[in-house]
Amino acid sequence: MLWQTLRAETGSPARLISKRGLDASALSEWSKMPGASAAIQLRLDGAPSGLERAWLRALAAAGSTISWSGDLAPLMLDVRPRAAPAGGTTVLVGAPRGSSVAVGDEIGAVDTLTTKGTGASIALRAGPSRIYARSRGTTASTSPADSVLLRKVMVIGSAGWESKFVVAALEEEGWKVAAFIRVAPGVDVTQGSLAAIDTARYSAVVALDSAASLYAARIAEFVRTGGGLLLAPGAALLDGRS
Amino acid sequence: MKSAFVFCTGQYESGDWDSAPSLPANLIDSMARYTSVSVAPSGVSVPLSSETLLEYPLVYLTGHLPFRFSEAERKNVRKLVDRGGMLFIDDHNHDIGGVFHNTAFEEIARTFSPLKDLPNDHEIYRTFFKFTDGPPATSHELNGWGDNLVHKNLQAVMHGDRIAVLYSSKDYSSEWNYSPDAKRFSTVDNTRFGVNIIVYALTR
C-alpha cells in the first residue's frame, strides 16, 4: 500500500523541494504528491528519527531523490554489562572532543558527560533496559546486551602480603576466589574448592609470580579457550609452553 | 619486584616489647630453611602507632609487664587487622593470671573483642607442619615452670573466618629466643609452629 501510494508516475518532471527541518506533516505531504517524484533537499539541525529515516527511504524507493545537509553532531553509543559481581552497566559514548553528551535511561537523565579525546564513559550500578545519549540535536539509543556470566577467579602466587591482598581485594569486590598460594616446593596452601583450570569453572586467572610456572601449560590452554588472564610482572616472564 | 616477608616486632609504649631479641632471627631462619617464601634476612621493630606498621602482614608482640595500648596504638592495630593483618601476642611470663596475661586479655577485649579458645583442630595447626594435638608444648610447660600448667589451647579473636589476633600463654618467646645456630643440637626444631603462624598470616 505504502509503495503504491508513493510510487511516482513515470515521465513526470521532478519538482525541487527545499526544506529546513523535518516533520511528519511534510513527509505526509510529500507522500501524497500526485503524479511526480521530487528532488527533496533537506537542511537538518538534528538527526531524523528512525520513523523519519524509514519514511525518507520509502520516498527514495518511490523515485524521489533525497539529499541533506546540516551540521549534525556525530554520536556513537555503546552499552555493555560490567564484568563484575556487583553487576551494572558501562555506557560508552563517542563524539568530537569537548562535546557535551547527555545520558539518560527510561526513567530520566542520568548524567552529562564531556568527551575527552573522542569519547567518554560512565558506569551505572543499575542495568537499564534502554539508554539514550543526546548531543546537539542528535540522539542515539540502544539496549544493553545480555548480562555477563561470571565464574570464580583463580589466584596463583607465592605466600606474602601481595597475594593475600589480591585475594582480599577480589573478594571485597564480590568475586568468588580460589587460590593456590605457594609456600614451599610441593607445598601449596589452597583456598576455596579447587578444580581443573577451565572456562567452565573460572572466568579468569590472576598469576602473580613464578608460582604460576607449574600451571603455565594449563593456563595457556585456558586462555586459548577463552579464559581471561591477568599477569603480574613476575609471572609475565614465564614461558607458557613450558 | 616482589617484596620479601619482613618479620615485624611491634613496639608498644607500656611494657618491655623487646624482651625476646633473638626470636625474630630464629623464625626468619626457619622460614628460609623450610619454605620458599621470600624472607628479608633481618626483622624490624616498628612502633604500633606508626603508619608503617601497615606494611607488615604479621606483627609479633611480647613482654612481661602490664600491657596496654595508647589510643594511637589501639587505632592503628585495629586498622592493621581490618586491612588483613594479624597480631601474634605471646606472654613471656609462662604463667596464667600474671600481669601481662590479665592486662593483655583486657586490652585485646577493649581493642577488638574478648579472646576465645582456638580449637586444636584449627587450620593453623596444619598450615605447614602438622600439629595434631594443637599448639606444641614448650619446655617451660613440660618442666613445670611458671604456673605449672600445660596450656591446652591458644586464644584468638576472629575476623570473619580468619584469625586476627592470636594469643599464647605458652611462652614461645622464651622457647624460640635463641640463636638459630643452636638448632643443630635439637632433634626436632621447636620453631616449626612459628613457621605455621607466619605462613597462616601470609595466606589467610
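Small disclaimer: the values here were computed from a predicted structure and weren't measured. (Residues numbered from 1 in each chain as written. Chains lettered and ligands numbered in written order. Predicted model: local features only at pLDDT ≥ 70, side-chain atom pairs only at ≥ 80, totals over all residues. Heavy atoms only, no water.)

**Regarding the overall build of chain A**
Across its full length, chain A holds six helices and 15 strands. Sorting the 242 residues of chain A into buried and exposed places 38% on the buried side. For chain A, contacts bridging at least 24 residues in sequence account for 58% of all contacts bridging at least 6. Of the roughly 13400 Å² of accessible surface on chain A, 54% is carried by carbon and sulfur atoms. (Helix = DSSP H or I, 4+ residues; strand = E, 2+ residues; numbered from the N terminus. Buried < 20%, exposed > 50% of the residue type's maximum accessible area, 1.4 Å probe, protein only. Contact = heavy atoms within 4.5 Å. Areas by Shrake-Rupley, 256 points an atom, 1.4 Å probe, with all protein chains shown as cover.)

**Brief notes about the sheet that holds strand β10 (residues 138–142) of chain A**
Hydrogen bonds along the backbone pair up the strands of a sheet, which may run parallel or antiparallel. All names here are of chain A. Across the sheet, four strands lie side by side as β7-β6-β9-β10; this open sheet has antiparallel pairing. Where the open sheet ends on each side, the last strands, each with one partner, are β7 (109–114) and β10. Strand-to-strand, the axes of this sheet are offset by a mean angle of 20°, without reference to chain direction. Where strand β6 (residues 100–105) lies against β7, five bridges are found, and the strand directions are antiparallel. In the strand pairing of β7, Val101 is matched with Leu113. (Pairing = 2+ DSSP bridges. Axes fitted to C-alpha atoms, helices over the stretch in contact; angles between N-to-C directions.)

**Looking at the sheet that holds strand β13 (residues 187–191) of chain A**
Residues and elements named next belong to chain A. The strand order across the open sheet built from five strands is β13-β12-β11-β14-β15, with neighbouring strands paired in mixed fashion. Either end of the sheet is taken by a strand with one partner, and the two such strands are β13 and β15 (228–231). Strand-to-strand, the axes of this sheet are offset by a mean angle of 15°, without reference to chain direction. Where strand β12 (residues 177–184) and β13 come together, five bridges link them in antiparallel fashion. Each residue of the ladder has a partner; that of Ala179, found in β13, is Gln191.

**Some remarks on the interface of chain B and chain A**
The interface is formed by 19 residues belonging to chain B together with 16 residues belonging to chain A. Here chain B meets chain A over a buried area of about 1400 Å², counting both sides, of which 62% is carbon and sulfur. Inspection of the region where chain B meets chain A yields zero salt bridges. On the surface where chain B and chain A come into contact, there are seven residue pairs in polar contact (both at pLDDT 80 or more). (Buried area = accessible area lost by both parts, 1.4 Å probe. Salt bridge = Lys/Arg side-chain N within 4 Å of Asp/Glu carboxyl O. Polar contact = N/O pair within 3.5 Å; in protein donor to acceptor, adjacent residues only side chain to side chain.)

**Comments concerning the pairing of strand β3 (residues 65–69) of chain A**
Residues and elements named next belong to chain A. Relative to β3, strand β2 (residues 38–43) runs parallel, the two sharing five bridges. Each bridged residue has a counterpart across the sheet, and for Ala39 the counterpart in β3 is Thr65. Between the parallel elements β2 and β3, the chain passes through helix α3 (residues 50–61) in a crossover that is right-handed. (Right-handed = clockwise from strand over helix to strand, strands pointing away.)

**Here we look at helix α1 (residues 23–34) of chain B**
Given a rise of 1.5 Å per residue, 12 residues ought to cover 16 Å, and the 17 Å separating the end C-alpha atoms of α1 of chain B matches this to within 8%. Among the structural elements, β1 (8–11), β3 (58–63), α5 (172–175) and α6 (192–203) of chain B are those in contact with the buried residues of α1 of chain B. (Expected span 1.5 Å × (residues − 1).)

**A few points about α6 of chain B**
Taking 1.5 Å per residue, 12 residues should reach 16 Å; α6 of chain B reaches 17 Å between its end C-alpha atoms and fits that length. Burial of α6 of chain B is extensive: 11 of the 12 residues sit out of reach of the surface.

**Some details on unusual backbone geometry**
Excluding glycine, most residues fall at negative phi; most peptide bonds, likewise, are trans. All names here are of chain B. One non-glycine residue, Asp171, lies in the positive phi region at around 65°. Following the sequence through the fold, Asp171 ends up in the loop between β7 (162–168) and α5. A relative accessible area of 0% means that Asp171 is categorised as buried.

**What about the pairing of strand β8 (residues 119–124) of chain A?**
Residues and elements named next belong to chain A. Residues Ala120, Ile122 and Leu124 line the buried face of β8, whereas the alternating positions Gly119, Ser121 and Ala123 sit on a face that is not buried. As judged from the six bridges shared by strand β5 (residues 89–94) and β8, these two strands associate in the antiparallel manner. Of the residues in β8, the one forming a bridge with Thr90 is Ala123.

**Digging into the confidence of the model for chain A**
On average, residues of chain A score 83 in pLDDT, and 90% of them are at 70 or above. This model gives residues 1–11 of chain A a pLDDT under 50, and the stretch forms 13 contacts once residues within four places in sequence are excluded. (pLDDT = per-residue confidence, 0-100.)

**Focus: the side chain of Ser19 of chain B**
Tracing the chain through its elements places Ser19 of chain B in the loop between β1 and α1. A distance of 2.7 Å separates the side chain of Ser19 of chain B from the side chain of His92 of chain B, its partner in a polar contact.

**Quick look at the nonpolar core**
Counting 48 residues, the largest nonpolar core has Val155 of chain A together with Met86, Ile124, Leu166 and Ile197 of chain B as its most contacted members. At eight residues, the largest contribution of residues to this core is made by α6 of chain B. Residue contacts for Leu166 of chain B: discarding those within four places in its chain leaves Met86, Leu87, Phe88, Ile89, Leu118, Ile124, Leu154, Gln155 and Ile197 of chain B. Formed by 26 residues, the second largest nonpolar core is a distinct cluster that contains Ala40, Val46, Val59 and Ala164 of chain B. (Core = buried A, V, L, I, M, F, W, Y, C linked by side-chain atoms within 4.5 Å.)

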